[in-house]
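Summary of structural features
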Amino acid sequence: MKIIFILIFPLFSFYAIAQPAPWVSYPSASQTSYGVYHFRKSFNLDEVPEKLVIHVSADNRYNLFVNGQRVCYGPAKGDLQTYKYDFIDIAPFLRAGENLLAALVYNGGDDKPLAFLSVQTAFMLQSEEEKFSFLNTGPNWKVYKNPAYEVISYYEMLFRERWFYGFYACGGGDEVVAEKYPWGWETSGFDDSDWLSAQPLVFDKQPPWNLVPRNIPFMADHLVYPAKIRKVTGAGIPAGDWDGKSPITVPANTKAEILVDFEVLTMGYPELTINGGTGSRIKIKYAEALYEEVHLKAHRDSVNNLNMFGVWDIFHPDGEIRTFRPLWKRCFRYVQFNVETKNEPLDISSYILEYSGYPYPEPATFVSDNVKLNEIFEMSLRTLEMCSGETYYDTPFYEQLSYGGDNRPIAAISTYNSTDDQLLREVLRLYPQSENRETGLFKSAYPSRFDFDMGSWSMGWIQTLQDYYFMRGDSAFVAQFYNKIEGVLRFYERHLDERTGMIGTVKNQNFIDWSNTKGSLPRPNEKREMQQSALLTLYFAHTLDCAAKLYREIGLTERARHWEQLSRGIKVAVYTSCWDGEKHLFRDYADREIFSQHTNIMAILCDLVPPSEQTELLHRILNFDGFEEMASSYFSFFLFKAMEKTGNEHLYLENLNFWYNFIDRGHTTCGETGFASHDRSDCHAWSAHPAYYLLSSVCGIKPADIGFNTVEIEPHLGELKEVKADMPHPKGRIIVEYRQVKKGLQTRIVLPPGLKGSFKYQGEIRTVKEGENSFIL
């Protein structure tokens, strides 16, 4: 299914839809309960117009069909302040004579994904041109409540099989009974004479959804096919290669389990087409990997003598040719069909996935003479793609939430692998809309229905804004957030302890990294309060430095001075209270002998010791064996920033153990922490930063000025003998090729038109210009 669409949206602001068509719903429908509804509107055209643009939206979600063909689904995630509607030109799907608009609208009820912000079940469609206003939603639309659906509560899924591994937020499963389904409802020949008229919704003032145009593209929708049937029990179906397009048969009166392997983690809308099997039951389970026991994943390629834990859907066939597609996207590498047949065999005719993820243009490439390093780059890039939808995702399998702190490394990866910043800007826009007016802080993830602030992730959002500005020079975009930035900074300024100069007691959540022993960092006390944490205080100082740099660039000099002065005082306070002169390290707390890599990494980034001493501190971070806490694969992002800051990027390639371990464990995407004690998610974008650092540190490609108008290139190849890479740039693509030869480093650099800069290697500097540059150093 290929989506053809027209999107129209502004760059930095939203315009509400003018005089929208009525929102409609099902008469007597519960406003917030689970339900699946079908809407239809038949109409005739004497001739097909060249263009017919409609606006469409729904609460929670819709799938729109024109003459039986699914043309789009949405709306893109947002909140009630900026609730999205889609633009699409449906003229290519129309014909002279009778036509049909049809929409499936569903409300996930209490089990909807945590990222869905909802008021009630509702649907809206409006023609952009007045002459086609007869298409607008109203009582002339027909509606039907589908009785075939029941939700499988995710609480049932998580606990029924005693499987529970951390937090799950992607919504419930679907159970569908085929004999109750109105098959063909989206086609013109379907009899809807007994359907009800849609009920227009009436509001005292304005509708609760403040409609704004979709400002990201529709999702990519290419097809993905399975690779193998890995294991079968209870039926004589052979294991081996299977592309999902050739039928397999489960005999009558059989209980069978069929394990299908896609060989890489993927996500989207799987479509199971079956034939026959009256009275059968198919349970479709999805998992990232198989388990040795609860909470203990096996090697990701292993399947024998292992357990299948995961979420699932259920389909009850009625003996006809039918296709089951879940309402919301699924993420998996493995799929298991648990099939129970009655007196009739069941044919599984096909099983194909319609991928659903952000449609990044051609990303960067990286190829070296180290095969595993190349795999790390591809694994990291796949992780970015898997964690990019209508927002960034922390993890596509467990949560699909956009966290303020996760988004800093994700944004860095994105800006090095794409010049399409629409998704990044949308994430940066949405997040501060969760502001708590009392504290000035934001939710940990947004859009979400979380009810608590996350101060550290609010600071992470400021850090990401600064990174984005320095890459793109987009001052108009970042300046609009001045009040939001100030609100976060003032919160922590108010909570500085006058006695110690460090952050005193704060009761909001302040996650910075997972612990490699237990829980998260920094650790709260028994009252769940944070007190006198050097790590949190330095994270604040680092955020102040980021804000001050940003302010100076956009002309807010006075506020920059204020925050710079505060930052200096904080750094003196942490040094005075927490420096251990014997170990030459910073303690996590003034009164406790607890040391972490995290606090000392932040000490480098905050210049707590002079630049001349920072390399020594970096080596202590890498070699000291008394740390209670080690940086995870996520927080290594900051470790590698410290290497960059101290001129030690040559150490980067020596410190990729997490990612080599991911490869050795069969991962096809980057895991959550790299710690064996916290092996939950197989796909976490905050760990995918090798797709950034292999380009910026190893290949050495960096912006030489604000906005990347010029480039500076300084490779750090370590023991690599050959590297070829290219990355997108607003002016074209940057290509670098390095090869170690007897005479030195054979170098080829190609810059796009209008881009020039410098190349530095082992102390020698050369000017590079647009076009081809070749030399040996």
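Cut-offs used in this document
Residues numbered from 1 in each chain as written. Predicted model: local features only at pLDDT ≥ 70, side-chain atom pairs only at ≥ 80, totals over all residues. Heavy atoms only, no water. Buried < 20%, exposed > 50% of the residue type's maximum accessible area, 1.4 Å probe, protein only. Helix = DSSP H or I, 4+ residues; strand = E, 2+ residues; numbered from the N terminus. Contact = heavy atoms within 4.5 Å. Salt bridge = Lys/Arg side-chain N within 4 Å of Asp/Glu carboxyl O. Polar contact = N/O pair within 3.5 Å; in protein donor to acceptor, adjacent residues only side chain to side chain. pLDDT = per-residue confidence, 0-100. 1 Å grid on protein atoms, 1.4 Å probe; cavity = no way out; pocket = protein on both sides within 12 Å on 5 of 7 lines; lining within 4 Å. Points joined across faces, edges and corners; volume = space filled by probe spheres on them. Nonpolar A, V, L, I, M, F, W, Y, C, P; charged D, E, K, R; others polar. Phe/Tyr/Trp six-rings, centres within 6.5 Å; stacked < 30°, edge-to-face > 60°. Lys NZ or Arg CZ within 6 Å of the ring centre and 35° of its normal.

Within helix H4 (residues 422–430), nine of the nine residues are buried, which leaves the element mostly enclosed by the surrounding structure. Elements in contact with the buried residues of H4: strand S6 (83–89), helix H3 (407–417), helix H5 (455–472) and helix H6 (475–479).

We now examine the pattern of salt bridges. Scanning all chains against the criterion turns up 44 salt bridges. The residue Arg592 makes a salt bridge to Asp591 at a minimum N-O spacing of 3.9 Å. Classification of Asp591 as exposed rests on a relative accessible area of 66%. The structure contains a network of salt bridges with shared partners spanning Glu288, Lys297, Arg300, Arg665, Asp679 and Asp682.

So, on to the environment of Tyr181. Following the sequence through the fold, Tyr181 ends up in the loop between strand S11 (173–177) and strand S12 (196–197). Along the chain, Tyr181 and Ala148 lie 33 residues apart, while their C-alpha atoms are 5.1 Å from each other. Only 3.5 Å separates the side chain of Tyr181 from the side chain of Trp185, close enough to count as a polar contact.

Moving on, we get to the confidence of the model for the protein chain. Taken as a whole, the protein chain shows an average pLDDT of 94; of its residues, 95% reach a score of 70 or greater. Within the model, pLDDT remains below 50 along residues 1–18, and this stretch shows 61 contacts once partners closer than five positions in the same chain are excluded.

What follows deals with the layout of surface pockets. Roughly 1100 Å³ of volume is contained in the largest pocket. Contributing to the lining of the largest pocket are 42 residues, with Gln466, Asp467, Lys549, Lys641 and Glu644 lying nearest its centre. Take the lining of the largest pocket: its biggest share by element is six residues, from helix H8 (residues 534–553). Class assignment of the residues belonging to the lining of the largest pocket gives a composition of 16 nonpolar, eight polar and 18 charged.

Below, the discussion takes up the packing of aromatic side chains. Inspection of every chain in the model, using the stated rule, returns 65 aromatic pairs. Seen from their ring centres, Phe491 and Tyr492 are 4.9 Å apart, and the 85° between their planes marks the pair as edge-to-face. The exposure class of Phe491 is buried, given its relative accessible area of 6%. Between Tyr575 and Trp579 the ring centres are 5.7 Å apart and the planes differ by 10°, which places this aromatic pair in the stacked class. For Tyr575, a relative accessible area of 35% corresponds to the partly exposed category. The positively charged end of Lys245 is found above the aromatic ring belonging to Tyr225, 4.7 Å away from the centroid.

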